[in-house]
Amino acid sequence: MTKIPFSEVLEKSKIVKAKELQIELPSQPVRYYRHGWQSWSLAAWTDTSPIPIPKPAIFHPLQVDVEQVYKKYLNGSWLGAVEFSDGNILLLGALATDANVSLVQDQLTGQSDADEIEWFIAYGQENVVFEEYAEQLGRRLGKTKKNGVPRVWCSWYSLYQAINETLLDKIFNEIDDLPFDVLQIDDGWQMDIGDWEANQKFPSGMKALADRIKSTGRRAGLWLAPLIATKSSRLFHEHPNWFLQKEDGRLVSAGFNWGERLYALDTTHPDVTSWLVALMKRIRGWGFDYLKLDFLYGGALKGKRYKDIPREAAYRECLQTLREAMGADAFFLTCGTPILPAIGVCDAIRIGPDVAYYWERFHDAYLLYNPTVPGTRNAIRTTLHRLWLKPLLHIDPDVAYFETSGNLLSHAQKILLQDLAHICDFKATSDLPQWMTKEEHDELRSFLDDKPKVTQTGRYTFSVNGHFADFNSAIELPHIPKGLTALGGRLLGWLGNRYIILRMYKILDLGKLRKRRAIL
Ligand code: 9PG
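First, a word on scope: everything that follows refers to the structure included in this document. (Residues numbered from 1 in each chain as written. Predicted model: local features only at pLDDT ≥ 70, side-chain atom pairs only at ≥ 80, totals over all residues. Heavy atoms only, no water.)

**Quick look at the site of the ligand**
1) Next: In the vicinity of the ligand there are 15 residues, among which Tyr157, Asp186, Asp187, Lys292 and Asp354 approach most closely.
2) Next: With respect to the ligand, the side chain of tryptophan 223 contributes an N or O atom lying 3.2 Å from an oxygen atom.
3) Next: Within the contact set of the ligand, an oxygen atom lies 2.7 Å away from a side-chain nitrogen or oxygen of lysine 292.
4) Next: A total of 460 Å² of accessible area belongs to the ligand in isolation, and the protein chains cover 93% of it. (Near = heavy atom within 4 Å. Polar contact = N/O pair within 3.5 Å; in protein donor to acceptor, adjacent residues only side chain to side chain. Areas by Shrake-Rupley, 256 points an atom, 1.4 Å probe, with all protein chains shown as cover.)

Dropping the structure here:
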């Protein structure tokens, strides 16, 4: 264990090579910066007490680093920072994958799961320290910022899986006058998770869909989750041996979604690599050149791999293979991705959980105490804590909303999302002209046209085009549940872990989506 005296980093930042490294803090910090593992995991400054483990555990692979979640002390992936009472911070950050940072009593400790790695240590003003860390990361992992970032219409947050050929055709006609650069098809087109072919709702096939989009002068975008699959898929049926296993031979869980358990591909298996390359080429062949690859954490879960390399290193290699296979001219957006391994490989990265047409749901926030699930407040909180990644690649805060119909967000909350898009310099929406008033339509148009001047005025405050954007309402974490709420939460957490209950929930959820679609 390498020990670094605090006095050595007071004046100047330092880069130290070590497998394990420890800095003794000179005084009790007032806040801790926890950095969650993947896009949807929590990143936030919090006080120095631990927060409850999110529930239900069956969803953990989608939300946290499963290998860290039960640790009793504060921890985060690759980096951690503490803030002292004078407002200065101390940051310890890995300059390589497969590492984490924890705070145990007065020791900030970095640990590499691989060999010795380089660590960045700096003390001072928050923005200066994070900027220098990003710069050092960029030197080692690469910077991939392309000139200009496309303005995207994405099907997910208005239609969810209820997309089909006719409906999309109608929508493309109606948004034709709006200045989007990409029309991106999200979840709902595929045969199954693992079987990336058009389903019955797209009888003309995926090439026809891409052609239709391109005929409007836009780039065609497509969502897929290439590193996971469900047992119901043909892929799983035909290649059960392609999936990541534990040492004891049982399958590694990649969580639960779409009413089914998820499994992860062993991306170091040569046959899996060839399959992934062919998949990327097929999608490019259809004509899509904006790829939103999702649920990517599946490639970095712990397990026994064909090639014995650290899990995040394996994942980074896989991303490089995907990048090469899709071609440098494709726009590559990663989502549900472990953050550090994606730097230098993709064009853009989702840096927070999904937004939603609501601010926060009581059962998510207070009963289950889960800040990683879809919800606008959760999305804003984590996104704002990852703005430091912006010099390295495009950062995606998820979509902004404009419509009032079917949307529970207040006007002020919608403006926060629009401002956040300007701050990140990444503009996307799923709103449909049919659902918007004339004013909302005009608001969307100027949002897409505008390039406002943004200045940060505080940790959570900005000036956007001269108006004051205050995100403080999104930052605080829900109170830790007590008494009856805590008991209710335990019950809900337990129920949520039952497969049969999750299936029922899925059926009810589909009903809700059908209702939304009926508005069209
Ligand atoms: C499509 C969606 C959209 C979205 C992605 C991803 O259960 N979960 O916690 C959960 C989190 C995120 C999520 C789905 C489920 O959304 O972020 O933009 O593409 O998949 O299914």
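**Quick notes on the nonpolar core**
1) Next: Counting residues in hydrophobic clusters, the biggest one holds 166 residues, and the most contacted among them are Trp189 and Phe288.
2) Next: Sorting elements by how many residues they give to this core places helix α8 (residues 270–286) first, with seven residues.
3) Next: When residues are assigned to domains, this core turns out to be shared by domain 1 (2–141) and domain 2 (151–450), each giving three or more.
4) Next: If we ignore the near neighbours within four places in the chain, the residues touching tryptophan 189 are Ile163, Trp196, Glu197, Ala198, Asn199, Phe202, Met206, Leu222, Trp223, Leu224 and Trp286. (Core = buried A, V, L, I, M, F, W, Y, C linked by side-chain atoms within 4.5 Å. Buried < 20%, exposed > 50% of the residue type's maximum accessible area, 1.4 Å probe, protein only. Helix = DSSP H or I, 4+ residues; strand = E, 2+ residues; numbered from the N terminus. Domains from an automatic or database assignment. Contact = heavy atoms within 4.5 Å.)

**Observations regarding the packing of aromatic side chains**
1) Next: Following the criterion strictly, the structure yields 26 aromatic pairs and no others.
2) Next: Taking the centre distance of 6.2 Å and the plane angle of 50° together, the rings of phenylalanine 84 and tyrosine 123 count as tilted. Here phenylalanine 84 is found in the loop between β7 (79–83) and β8 (89–94), whereas its partner tyrosine 123 is found in strand β11 (residues 117–124), with 39 residues between them in sequence.
3) Next: You can call phenylalanine 84 buried: its relative accessible area is 5%.
4) Next: Taken together, a centroid distance of 5.9 Å and an interplanar angle of 45° make the contact between tryptophan 189 and tryptophan 196 tilted.
5) Next: Look at tryptophan 189 and you get buried, because its relative accessible area is 0%.
6) Next: Take tryptophan 196: its relative accessible area is 1%, and that puts it in the buried class.
7) Next: Put simply, the rings of Trp40, Trp189, Trp196, Trp223, Trp258, Trp286, Phe295 and Tyr297 touch in pairs and so form one group of aromatic residues.
8) Next: Above the face of the phenylalanine 447 ring, lysine 427 is positioned so that its terminal group lies 5.8 Å from the ring centre. (Phe/Tyr/Trp six-rings, centres within 6.5 Å; stacked < 30°, edge-to-face > 60°. Lys NZ or Arg CZ within 6 Å of the ring centre and 35° of its normal.)

**Section: the sheet that holds strand β25 (residues 454–456)**
To summarise the sheet geometry, strands pair through backbone hydrogen bonds and adopt either a parallel or an antiparallel arrangement.
1) Next: Ordered by their spatial adjacency, three strands build an open sheet running β25-β26-β27, and the pairing between neighbours is antiparallel. Of all the strands in the sheet, just β25 and β27 (467–470) have a single pairing partner and so form its edges. Ignoring which end each strand starts from, the neighbouring axes of this sheet average 25° apart.
2) Next: Direction of pairing for strand β26 (residues 461–464) relative to β27: antiparallel, over a ladder of four bridges. Across the sheet, phenylalanine 462 pairs through a bridge with alanine 469, a residue of β27. (Pairing = 2+ DSSP bridges. Axes fitted to C-alpha atoms, helices over the stretch in contact; angles between N-to-C directions.)

**Let's talk about the side chain of asparagine 164**
1) Next: By the element assignment, asparagine 164 lies in the loop between α4 (156–159) and α5 (165–174).
2) Next: Of the polar contacts made by the side chain of asparagine 164, one reaches the backbone nitrogen of threonine 166; its length is 3.0 Å.

**With respect to the sheet that holds β7**
1) Next: An order of β2-β11-β8-β7-β4-β5 is seen for the six strands of this open sheet, with the pairing classed as antiparallel. Looking at strand neighbours, the two that pair on one side only are β2 (14–18) and β5 (43–46), the edges of this open sheet. Pairs of neighbouring strands in the sheet enclose a mean axial angle of 15°, with direction left out of account.

**Quick word on empty space enclosed by the protein**
In this approach, a probe sized like a water molecule rolls over the atoms, and the result shows the empty space that is left.
1) Next: All told, the structure shown has two cavities of 30 Å³ or more when counted by the stated rule.
2) Next: When its volume is computed, the largest cavity comes out at roughly 80 Å³.
3) Next: Lining the largest cavity we find 13 residues, and of these Gln184, Lys292, Asp396, Asp398 and Ala428 sit closest to its centre.
4) Next: Put simply, the parts of the chain that give the lining of the largest cavity at least two residues each are β12 (152–154) and β20 (290–293).
5) Next: Considering only residue class, the lining of the largest cavity consists of eight nonpolar, one polar and four charged.
6) Next: Approximately 40 Å³ is the volume found for the second largest cavity.
7) Next: In this structure, the second largest cavity is lined by Glu360, Arg361, Asp364, Ala365, Asn370, Pro371, Val373, Pro374, Gly375, Asn378 and Pro478. (1 Å grid on protein atoms, 1.4 Å probe; cavity = no way out; pocket = protein on both sides within 12 Å on 5 of 7 lines; lining within 4 Å. Points joined across faces, edges and corners; volume = space filled by probe spheres on them. Nonpolar A, V, L, I, M, F, W, Y, C, P; charged D, E, K, R; others polar.)

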